[in-house]
Amino acid sequence: MQEERSPEERLQRARQLESEIARAVIGQQQVIHEVVLALLAAGHVLVEGVPGLGKTLLVRSLAAAIQGDFSRIQFTPDLMPSDISGHIMFDMKSENFRVRKGPVFCNLLLADEINRSPAKTQSALLEAMQEQQVTIEGRTFPLTAPFLVLATQNPIEQEGTYPLPQAQLDRFLLKVFIDYPAEGDEQQMVKQITDGRVGDQLDTSTIRPLMRAEEIPQIQNHVASLKVDDEIVNYAVRLIRAARDWNGIEAGPGPRGTISLLRAARAEAFLSERDFVTPDDIKSAALPVLRHRVRLTTDLEIEGYRPEDVLKDLLDNLPAPRK
Amino acid sequence: MDLDRIAIKLRPRQSWEGIDLGFTMAREWFVNLWLIWLCSALPVMLLLVVLPLPLWLAGFILWWLKPVYEPPLLYWMSRRVFSETIGLRGVFSEWRSVVLPQLFAMLSWRRLTPARSFVMPVVVLEGLRGERRSKRINILAKNSGAASWLTFVGIHFEVILQFGLLGLILALIPEDLLWTDWQSYLFDPDPVSEWLHHLTALAAMSLIAPFYVAAGFALYLNRRSQLEAWDLELGLRKMAQRHKSDGAEATRSSTLRNTVLACVALLLVDIAMPGTVQAVEMSHQEARSLIQEVLADEAFGEKRTIHYWEYVDQEDDSSESSDSTLLSWLESIAGSAARLGELLLWILVAVLLVYLLHWYLKNRSSFGGSTVEGPGRHTTPTVVAGLDLRPESMPDNPSVEALEMIQQERSREGMALLYRATLSRLVHHYDLPIKAGDTEGQCLERSRKLKIPDLFEYLGELTAVWQRLAYAHHQPQKQQLIELCQAWSEYFGDRDAG
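Computed from a predicted structure; not experimentally measured.

Asker: I'd like to hear about the overall build of chain B, residue by residue, with values.
Answerer: Assigned secondary structure in chain B consists of 22 helices and two strands. Of all 498 residues assigned to chain B, the portion counted as buried reaches 39%. Pairs at least 24 apart in sequence give 72% of the contacts found in chain B among residues at least 6 apart. A total of about 30000 Å² of accessible surface is found on chain B, and carbon and sulfur atoms cover 60% of it.

Asker: Go over the packing of aromatic side chains with me, naming the residues and quoting the values.
Answerer: Residues and elements named next belong to chain B. If you walk through the whole model with that rule in mind, you get 13 aromatic pairs over all chains. Ring geometry for Phe60 versus Trp63: centroids 6.1 Å apart, planes at 40°, classification tilted. Residue Phe60 and its partner Trp63 are located together in helix 3 (residues 55–64), separated by three residues, close to a single helical turn. Relative accessible area serves as the criterion here: at 30%, Trp63 is assigned to the partly exposed category.

Asker: Explain empty space enclosed by the protein to me, and be specific about the residues and the numbers.
Answerer: All names here are of chain B. Scanning the entire structure with this criterion turns up three cavities of 30 Å³ or more. The volume enclosed by the largest cavity comes to roughly 50 Å³. Around the largest cavity, the lining residues are Tyr419, Thr422, Leu423, Leu426, Cys443, Leu444, Ser447, Leu459 and Thr463. Within the residue set of the lining of the largest cavity, elements represented by two or more residues are helix 19 (411–428), helix 20 (440–447) and helix 21 (453–471).

Asker: Which residues make up helix 8 (residues 116–124) of chain B, and what are the values?
Answerer: Where burial is concerned, most of helix 8 of chain B is hidden: nine out of the nine residues are buried. The inward-facing, buried residues of helix 8 of chain B abut helix 4 (66–80), helix 6 (95–99), helix 7 (103–107), helix 9 (130–140), helix 10 (144–172) and helix 12 (191–228) of chain B.

Asker: Go over the environment of Val91 of chain B, please, and point to the residues and values.
Answerer: Residues and elements named next belong to chain B. Mapped onto the elements of the fold, Val91 is located in helix 5 (residues 88–93). Between the C-alpha atoms of Val91 and Arg79, which are 12 residues apart in sequence, the distance is 9.9 Å. Non-local contacts of Val91, meaning those with residues more than four positions away in its chain, are made with Ile36, Pro72, Tyr75, Trp76 and Ile86.

Asker: A description of the sheet that holds strand 5 (residues 108–112) of chain A should follow, citing residues and the corresponding values.
Answerer: Within a sheet, neighbouring strands are paired by backbone hydrogen bonds and run either parallel or antiparallel to one another. All names here are of chain A. Strand order in the open sheet formed by five strands is 2-5-8-1-9, and the pairing between neighbours is parallel. Of all strands in the sheet, those bounded by a partner on one side alone are strand 2 (70–74) and strand 9 (174–177). For this sheet, the mean angle separating the axes of adjacent strands, direction not counted, is 20°. Where strand 5 meets strand 8 (residues 148–153), four bridges bridge the pair, whose relative direction is parallel. Each bridged residue has a counterpart across the sheet, and for Leu108 the counterpart in strand 8 is Leu148. Strand contacts of helix 2 (residues 29–40): strand 1 (45–48), strand 5, strand 8 and strand 9, with the helix running at about 165° to strand 9, the strand carrying the most contacts. In the packing of helix 3 (residues 55–66) onto the sheet, contacts are made with strand 1, strand 2, strand 5 and strand 8, and the angle to strand 5 comes to roughly 175°.

Asker: Can you break down the nonpolar core residue by residue, with the values?
Answerer: All names here are of chain B. Core analysis: the largest hydrophobic core is formed by 110 residues, its most contacted members being Met415 and Tyr458. Excluding its chain neighbours within four sequence positions, the residues that come into contact with Tyr458 are Leu418, Leu484, Ala487, Trp488, Tyr491 and Phe492. Core analysis: the next-biggest nonpolar cluster, separate from the first, contains 64 residues, Ile19, Ala41, Ala115 and Ala146 among them.

Asker: Which residues make up the pattern of salt bridges, and what are the values?
Answerer: Residue and element names in this part refer to chain A. Inspection of the entire model under this criterion finds 21 salt bridges over all chains. The partner of Lys175 in a salt bridge is Glu48, with the nearest N and O atoms 3.1 Å apart. With Lys175 in strand 9 and Glu48 in strand 1, this pair connects stretches of sequence that are 127 residues apart. Judged by its relative accessible area of 14%, Glu48 is buried.

Asker: Describe a negative patch on the surface, with residues and values.
Answerer: Residues and elements named next belong to chain B. A surface patch of negative charge is lined by Asp454, Glu457, Glu461, Glu483 and Glu490. Secondary-structure elements contributing two or more residues to the negative patch are helix 21 and helix 22 (478–493). Sort the elements by how many residues they give to the negative patch and helix 21 lands first, with three residues. Following the sequence through the fold, Glu457 ends up in helix 21. Since its relative accessible area comes to 62%, Glu457 is described here as exposed.

About the criteria used
- Sequence order as written defines residue numbering, which begins from 1 separately in each chain.
- The lettering of chains begins at A and the numbering of ligands begins at 1, in the order of writing.
- Since the coordinates come from a predicted model, pLDDT governs what is reported: local features require at least 70, and pairs of side-chain atoms require 80 or more to be given and counted, while whole-chain, interface and lining totals use all residues.
- The side-chain figures draw on all heavy atoms in the structure; neither hydrogens nor water molecules are used.
- Helix and strand assignments follow DSSP, with helices taken as H or I runs no shorter than four residues and strands as E runs no shorter than two, numbered in order from the N terminus.
- Relative accessibility under 20% of the residue-type maximum defines a buried residue, over 50% an exposed one, and the middle range a partly exposed one, all with a 1.4 Å probe and only protein chains included.
- In this analysis, two residues are considered to be in contact whenever any of their non-hydrogen atoms come within 4.5 Å of each other.
- Areas reported as accessible are Shrake-Rupley estimates using a 1.4 Å probe. Residue values count occlusion only from the protein chains shown.
- Side-chain rings of Phe, Tyr and Trp (the six-membered ring for Trp) are treated as a pair once their centres are within 6.5 Å; stacked means planes under 30 degrees apart, edge-to-face means over 60, and tilted covers the remaining angles.
- Grid points spaced at 1 Å and placed over the protein atoms alone form the basis of the search, with a cavity being a set where a 1.4 Å probe fits but cannot get out and a pocket an open set showing protein on both sides within 12 Å along at least five of seven lines. Lining residues have an atom within 4 Å of a point.
- Grid points are joined across faces, edges and corners, and a volume is the space filled by probe spheres set on the points.
- Strands are treated as partners if at least two bridges between them are detected by DSSP.
- Axis geometry follows a simple rule: fit a line to the C-alpha atoms, using only the stretch in contact for helices, then measure angles between N-to-C directions, giving values from 0 to 180 degrees.
- Think of a nonpolar core as a cluster: buried Ala, Val, Leu, Ile, Met, Phe, Trp, Tyr and Cys residues, connected wherever their side-chain atoms sit within 4.5 Å.
- Each salt bridge in this description consists of a side-chain nitrogen of Lys or Arg and a carboxyl oxygen of Asp or Glu lying within 4 Å of one another.
- Every patch collects residues that have over 30% relative accessible area and no salt bridge, joining them within 9 Å if they carry like charges and within 5 Å if they are nonpolar side chains (Val, Leu, Ile, Met, Phe, Trp, Tyr).
- As used throughout, the charge tally considers Lys and Arg to be positive and Asp and Glu to be negative, leaving His and the chain termini uncounted.
- Here the site of a charge means NZ on Lys, CZ on Arg, CG on Asp, or CD on Glu.

Structure (structure tokens):
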């Protein structure tokens, strides 16, 4: 029987989760915060950044901290959907068909360079993300909660890639940028990783297990039950609707964007030790939730503007809730 | 001035052809002209670098002193046109006599004369001043329109060239080494960019100046050639020389006729320009009889019959009177329609302007103005997070009123008033740059910049209580609210509400 924890205790552990991962992944506090946010809000994360910044280490550390299963799929152009979901094979010994489950059956899945595979393969994963279940040869297998996908994209190398369509991008709760660490952090990280270590294996031995993976759904339920005033809901809706008509935005977020924004804002409030959501939570969550849900007009893109620039302008100018 | 040595082909030219001639001269002698210009302008530039002047003023002075750099070019060309080559040393040995006369006038009230290039030869080469200068310019003035256009077009070319050079420099700088962006580089330059502006301006001026001065000089030469019949004079001189060299073979009659023709031509020129050509001295009577004699010659006595078509109006005028009323009526209708159309056009222009202004105000954030914070750009908001912050909307003593409300169990209203008054004071008395879209948390974060720890602590507590009340509907302890009201006057109470 699972141990029932009080909300305060859950909060404490979730906050420890952030600091615990930061012991192994150095200099990426914002990314860690946003990944934990996605975990608490039961969403998935699209990470954009150049290779070698610790994405695998991040997921491995998270898996170690919650004692969850971890899988990693390197997406390549010849990757098949069954390589992700699994397949049925004939067992010669028992003379029966046997289901061989794919790497998607885990708690934390790192989908590395997701845009290297064609849309058919991508959609196999995206279906699992949305439905939380996998169908193999007509049989449906539910995925074990929690299930978090951390998909990565390389922003520099675009040759031979299959960019995710807007509808698929919408499935990710957050889009996170992972950047080079600060000089001091990088120095500390290099020292920590190379001292007394052979090779370049990722080391997550410093991570202490804080909770069991089965406890995460309870925390997620608690987060989902946080109080949201009508004014806050109205603010989120106004924000999304304004984004659709805002100058410089060609395609704005749909209603799924509003839902995602409120989910992320709840998790943000939870991490801020509050049991209610404020406009600040909405604003904090707005950029990672919306940046992949808007498409800028061609002229702004040519001028080098990013969705964040336009969204910041929107957030600055849209009146906060009237109270 | 020896017309026999002139290096350009003299013929009657239109003004635009004259400018073409000037450009050809500038192309031919460009290196010399360019060096002469730089030798004049570079010392000025270096002097401006040394002087502790604002950069914009240095740039302006460099531009304003153009009449100092141009006369040496003109002087050199005036010699070169008559096949006399002088070096840089020769030009600058005459610098005082070429540049200094009337320099003050050229740099003050005549600086912005549009026909500067055309007037300059009158001043520099003829050395005329005062009344004589004005008369001379009036005589020559036929070409001043083209000279004004030359200045107008030259300015544009100079600006285009300067911006082209500026753009080229920035485009060639690797992105990693870029210290500025395009907008700042062109319109809000830092000192480095501003020096680049001046250097490119100098380069542009140096490239345009030879063409400008040469074209002005060519216009001047062309006009003098027209007025003084230099081409005729030169042609006759050549003719005379040719005949002289032919020797005695020429018949007496033809020699006489040619001589007479030359005399008449020169006389005509003399009549046209009294005092300028004094080739032949004779009385009017003598001239008249000579002219008649010349006109009686076969060459002038030829008669030709030319046929051409001419429109002859054969319409009957009788219907004109009956139609005139209709015509005048139609004319008045057309006039009214035209006036109405003009009025509508003006209305359209006004509406368009209002729309553009409205569109700009609505989308000004896209122009990069609204996202930049700064003391100069900050405008005091009247509404933050839906709260009216105008001082006139506040009661005289907000904390007392809030306290009364709290004691009447109207905690939410009381706290709303207290929080609104707090933001109002922060905006109007502490000059805190709060934006209209700021949330409570952002307002609190901004107040950290005031660096008043006690105030920040108080605001933190007030914000937390207000947020809990507003968004979580949690009723705080009454005592806590009373304490917040009482502490409020410590930070804001002694300040005037208005």
